[in-house]
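Analysis of the macromolecular model
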Amino acid sequence: QAMAMARPVVGAQAALDGIAAGRELWRADTAESFAEAVLAAVNPRVGPAAGRAARARILADWSWDSVLARLDRLLEGQPVAPAPAEWPIPTGLRH
């Protein structure tokens, strides 16, 4: 829901199990990496772009048209695109 509202998301591996992290969805499994990710999310140089990417990902991957198109491909025995590689959490953004 946050991604649909153009907000970047930070979560631990347990919360993101089965979901590929990306430039809009950051996995952070330690207190330090979680803090860095939250700082990146609220940083005006990073957060808004990540939020736009989050909204675009929801529209591309989870709209009815997108989901049903993938289902059609699976039912027809066609390959479905793999998940994208993970993007690193932006670091070094402290003032």
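Structural notes, computed from the coordinates. Here the structure is a predicted model, which is why all the values come from computation and not from measurement.

**Section: the packing of aromatic side chains**
Applying the stated criterion across every chain, the model contains zero aromatic pairs. For the cation-ring pair, Arg 70 lies above Trp 62, with the distance from its terminal atom to the ring centre recorded as 5.3 Å.

**Quick notes on helix α1 (residues 31–42)**
Helical geometry: 3.6 residues make up each α-helical turn, so side chains three or four residues apart lie on a common side. Along its twelve residues, α1 runs 17 Å from first to last C-alpha, staying within 8% of the 16 Å computed at 1.5 Å per residue. Among all positions in α1, only Glu 36, Ala 37 and Ala 40 are buried. Considered in projection along α1, the buried side chains sweep an arc of 100° and stay on one side of the axis. In this structure, α1 carries Ala 31 and Val 42 as exposed residues pointing more than 90 degrees from its buried face. Taken together, the buried residues of α1 touch β1 (9–11), β2 (25–27) and α2 (47–62).

**Concerning the nonpolar core**
Considering soluble globular proteins, one finds that nonpolar side chains tend to be buried as a cluster. Among the nonpolar cores identified, the biggest contains seven residues, and these are Val 10, Trp 26, Ala 28, Ala 37, Ala 40, Val 46 and Ala 50. With sequence-adjacent residues up to four places away left out, Ala 50 is seen in contact with Pro 8, Arg 23, Glu 24 and Trp 26. Ranked by size, the runner-up nonpolar core spans five residues in total, among them Met 3, Val 9, Leu 25 and Ala 54.

Reading the values: rules and limits
Residues numbered from 1 in each chain as written. Predicted model: local features only at pLDDT ≥ 70, side-chain atom pairs only at ≥ 80, totals over all residues. Heavy atoms only, no water. Phe/Tyr/Trp six-rings, centres within 6.5 Å; stacked < 30°, edge-to-face > 60°. Lys NZ or Arg CZ within 6 Å of the ring centre and 35° of its normal. Helix = DSSP H or I, 4+ residues; strand = E, 2+ residues; numbered from the N terminus. Expected span 1.5 Å × (residues − 1). Buried < 20%, exposed > 50% of the residue type's maximum accessible area, 1.4 Å probe, protein only. Arc of directions from axis to C-beta. Contact = heavy atoms within 4.5 Å. Core = buried A, V, L, I, M, F, W, Y, C linked by side-chain atoms within 4.5 Å.

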